[in-house]
Amino acid sequence: MGEYQMTLVDRQEIARDTMAFWYDTNGTGYDFRAGQHADFGFVHPPAACEGDNSRTFSLANSPHDKALAMIAMRMRDTGFKTALKTAAIGTKFKVSRPRGSFTLHKDFARPAVFLAGGIGITPVRSILDWATQERMPHRLYLFYSNRQAGDAAFLEELEGLAARNPCFTLIPTVTRLMSTAWPYESGLIDRALLTRYLQGLHGPIYYVSGPSGMVVAMIKLLQSAGVSDDDMRTEEFGDYKLSENPALTNLISKS
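The structure displayed is predicted, hence computed values, not measured ones.

Glancing now at the packing of aromatic side chains. All told, the structure shown has 12 aromatic pairs when counted by the stated rule. With 6.2 Å between their ring centres and 65 degrees between their planes, Phe40 and Phe57 make a pair best called edge-to-face. Of the two residues, Phe40 is situated in strand 3 (residues 37–42) and Phe57 in strand 4 (residues 54–58); the sequence distance between them amounts to 17 residues. Summarising the burial analysis for this pair, Phe40 and Phe57 share the class buried. Relative to Tyr207, the ring of Phe102 has its centre 5.6 Å away and its plane inclined at 90 degrees; by these criteria the two rings are edge-to-face. Of this pair, Phe102 sits in the loop between strand 6 (92–96) and strand 7 (112–117) while Tyr207 sits in strand 11 (residues 205–211), and the two are 105 residues apart along the sequence. Grouping aromatic residues by their ring pairs yields a cluster made of Tyr23, Phe40, Phe42, Phe57, Phe80 and Phe93. Just above the ring of Phe154 sits the side chain of Arg125; from NZ or CZ to the centre is 4.9 Å.

Along the chain, Leu194 turns up in helix 4 (residues 191–198). Discounting residues that sit within four places of it in the chain, Leu194 has contacts with Leu115, Phe143, Ile189, Gln199, Leu221 and Leu222.

So, on to the pairing of strand 12 (residues 232–237). Alignment of strand 11 against strand 12, held across six bridges, turns out to be parallel. Paired with Tyr206 across the bridge in strand 12 is Met232. With helix 5 (residues 212–224) bridging strand 11 and its parallel neighbour strand 12, the resulting β-α-β unit is right-handed.

Time to look at the sheet that holds strand 4. In sheet architecture, strand pairing relies on hydrogen bonds along the backbone and comes in two forms, parallel and antiparallel. In space, the six strands of this open sheet follow the order 4-3-6-1-2-5, with antiparallel pairing throughout. What marks the edges here is a single partner per strand, and that holds for strand 4 and strand 5 (68–74). Recorded for the sheet is a direction-independent mean angle of 40 degrees between the axes of neighbouring strands. Alignment of strand 3 against strand 4, held across five bridges, turns out to be antiparallel. In the strand pairing of strand 4, Asp39 is matched with Thr56. Where helix 1 (residues 79–86) meets the sheet, its contacts fall on strand 1 (3–15), strand 2 (18–24), strand 3, strand 4, strand 5 and strand 6, and the angle it forms with strand 3 comes to roughly 75 degrees.

Turning our eyes to something else, we now look at the side chain of Thr18. Here Thr18 is to be found in strand 2. Of the residues examined, Thr18 reaches a relative accessible area of 0% and is grouped as buried. Side-chain polar atoms of Thr18 contact the backbone oxygen of Arg16, separated by 2.9 Å. In this structure the side chain of Thr18 is engaged in a polar contact, spanning 2.5 Å, whose partner is the side chain of Arg74.

For the rest of this paragraph, the subject is helix 4. What helix 4 keeps buried is the set Leu193, Leu194 and Leu198. Buried positions in helix 4, seen along its axis, are confined to an arc of 105 degrees and lie on one side of it. Looking at the buried side of helix 4, the elements it contacts are strand 7, strand 8 (140–146), strand 9 (168–174), strand 10 (185–186), strand 11 and helix 5. Positive phi appears at Gly200, one or two residues downstream of helix 4, with a value of about 85 degrees.

Rules behind the numbers
- Residues numbered from 1 in each chain as written.
- Predicted model: local features only at pLDDT ≥ 70, side-chain atom pairs only at ≥ 80, totals over all residues.
- Heavy atoms only, no water.
- Phe/Tyr/Trp six-rings, centres within 6.5 Å; stacked < 30°, edge-to-face > 60°.
- Helix = DSSP H or I, 4+ residues; strand = E, 2+ residues; numbered from the N terminus.
- Buried < 20%, exposed > 50% of the residue type's maximum accessible area, 1.4 Å probe, protein only.
- Lys NZ or Arg CZ within 6 Å of the ring centre and 35° of its normal.
- Contact = heavy atoms within 4.5 Å.
- Pairing = 2+ DSSP bridges.
- Right-handed = clockwise from strand over helix to strand, strands pointing away.
- Axes fitted to C-alpha atoms, helices over the stretch in contact; angles between N-to-C directions.
- Polar contact = N/O pair within 3.5 Å; in protein donor to acceptor, adjacent residues only side chain to side chain.
- Arc of directions from axis to C-beta.

The following block contains the structure:
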């Protein structure tokens, strides 16, 4: 089957300018692997998104949630996102088959290191939730970067996963530290931060997920540290311009 019909059943603001949307899969048997993505479009496109009726989103929930599919996004002033934000509960959507290879490797002996920026957390959340449910033995590390604490979608859920999963280490960081109450790291994901947590780690696979500029910066950082391209997997979120985060420009220029 090439296309599925789903029903919008809920939406919530989950961080600053960030919303999550839940869809009832309507008993379609929609199966996906944690970390994959799909195309979402209105069955009956509203006038606001004429010519802009389909977007690709990572599935942010675990494949174990058989009855639901969840996506999340930074909200921008586009026809599609404006229409989605105001769509009535019960609105029908067409959803493509899931695809993508940003999925957890099978070799338990090799740790997984996730470098996620902003809304790039969505496929990583899916993988970590699924891995915890499955009690996968991989050692899992998540470096999760946002500008401010209020931008960090799913942070409380990730803290809960870290509390339940002894194999999972959570390392959030913010590039603009606005409060001394922030209990985690501050600054960019750089070699010093990675070294502090990964010293002595044997043969990890790196998963880089976020805005295109962040992905480019992280690839250059890893390459400069001697990581093989074969040991990196990437997922780019192209809606966001590098100019929106000058810190990324600085990191790229230093890589």
